[in-house]
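Coordinate analysis (summary)
Residues per chain, in single letters:
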Amino acid sequence: MGEPAFLAVDPRKGVWTLRTHPRDGEYQGVLHGKYGEPVPLPAPLPAELDTSVLPLYAPRA
């Protein structure tokens, strides 16, 4: 877990979770959102990620 940020997206539910500030084996910062809401990315990445273009899985029948 040496990464400064970790983004998980769930195309089944259309949600995302951004985890930041790793310390002592855990990420201290956690931010949740839905597809369509931008993900605020930490530097040096671009300012934000547009999630409105991410694909969603079709609902199960």
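Here we summarise the structure given alongside this text. (Residues numbered from 1 in each chain as written. Predicted model: local features only at pLDDT ≥ 70, side-chain atom pairs only at ≥ 80, totals over all residues. Heavy atoms only, no water.)

1. A look at the sheet that holds strand S1 (residues 5-10)
Spatial strand order, S1-S2-S3: three strands in an open sheet with antiparallel pairing. Across the chains shown, the open sheet's two edge strands, defined by having one partner strand only, are S1 and strand S3 (26-34). Within the sheet, the average angular offset between the axes of one strand and its neighbour, ignoring direction, is 20 degrees. Note: S1 against strand S2 (residues 15-23), six bridges, orientation antiparallel. Bridge assignment links Leu7 to a residue of S2, and that residue is Leu18. (Pairing = 2+ DSSP bridges. Helix = DSSP H or I, 4+ residues; strand = E, 2+ residues; numbered from the N terminus. Axes fitted to C-alpha atoms, helices over the stretch in contact; angles between N-to-C directions.)

2. Here we look at the nonpolar core
Trp16, Leu18, Tyr35, Val39 and Leu41 form the largest nonpolar core, which has five residues in total. With sequence-adjacent residues up to four places away left out, Leu41 is seen in contact with Pro46, Ala47, Glu48 and Leu49. (Core = buried A, V, L, I, M, F, W, Y, C linked by side-chain atoms within 4.5 Å. Buried < 20%, exposed > 50% of the residue type's maximum accessible area, 1.4 Å probe, protein only. Contact = heavy atoms within 4.5 Å.)

3. Details of the pairing of S2
Relative to S3, S2 is paired through eight bridges, and the arrangement is antiparallel. Paired with Arg19 across the bridge in S3 is Val30. The hairpin turn running from S2 into S3, its antiparallel successor, is two residues long, and Asp24 in that turn takes a positive phi close to 55 degrees.

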